Amino acid sequence: QVQLVESGGGLVQPGGSLRLSCAASGRIFNTYIMGWYRQAPGKQREWVADITSGGSTNYADSVKGRFAISRNNAKTAMYLQMNSLKPEDTDVYYCNANVPSLSKDYWGQGTQVTVST
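Heads up: these notes are all about the structure in this document. (Residues numbered from 1 in each chain as written. Predicted model: local features only at pLDDT ≥ 70, side-chain atom pairs only at ≥ 80, totals over all residues. Heavy atoms only, no water.)

## Structural notes on the side chain of arginine 71
Okay, so step 1: By the secondary structure assignment, arginine 71 is in strand 7 (residues 67–72).
Okay, so step 2: Put simply, arginine 71 is tucked away with no salt bridge, and the nearest opposite charge, on aspartate 50, sits 8.8 Å away.
Okay, so step 3: At 3.4 Å, the side chain of arginine 71 and the backbone oxygen of isoleucine 51 are in polar contact.
Okay, so step 4: Looking at arginine 71, its side chain comes within polar contact range of the main-chain oxygen of threonine 52, at 2.9 Å.
Okay, so step 5: Apart from residues lying up to four places away in sequence, arginine 71 is in contact with Phe29, Asn30, Tyr32, Met34, Ile51, Thr52, Ser53, Ala77 and Met78. (Helix = DSSP H or I, 4+ residues; strand = E, 2+ residues; numbered from the N terminus. Buried < 20%, exposed > 50% of the residue type's maximum accessible area, 1.4 Å probe, protein only. Lys, Arg positive; Asp, Glu negative; His and termini not counted. Salt bridge = Lys/Arg side-chain N within 4 Å of Asp/Glu carboxyl O. Polar contact = N/O pair within 3.5 Å; in protein donor to acceptor, adjacent residues only side chain to side chain. Contact = heavy atoms within 4.5 Å.)

Here's what the structure looks like:
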């Protein structure tokens, strides 16, 4: 069982920045493929970015150049640095862990990000 806990969400003005964190359990965190997703009410969950066990990163076009995903295997944590935030970035952000050895996906409870004046 893998537990994920997000933190760092909040209210920010357009153009501002936030840093989300995801604390993960598990002794084989370094093997997890970690990702961030987001979801607005009534909409499908949308992939934002992911980072492999080797540190390779991928981003949705909508956030490329503004968001940066990273991980710290020693702390079993993942981060999402969000810069130049826009109102359309307002969503609940979820942390995801894909564990290849278990062929399972795990989700956190989500953290709200609101970009508004």
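## Comments concerning the environment of cysteine 95
Okay, so step 1: For cysteine 95, the position within the fold is in strand 9 (residues 91–99).
Okay, so step 2: For cysteine 95, a relative accessible area of 0% puts it in the buried group.
Okay, so step 3: For cysteine 95 and tryptophan 47, which are 48 residues apart along the polypeptide, the C-alpha to C-alpha distance reads 10 Å.
Okay, so step 4: Ignoring sequence-local partners within four residues, the contact set of cysteine 95 consists of Leu4, Glu6, Cys22, Met34, Gly35, Trp36, Met78, Tyr106, Trp107 and Gly108.

Don't take any of this as a statement about function, it's just geometry.
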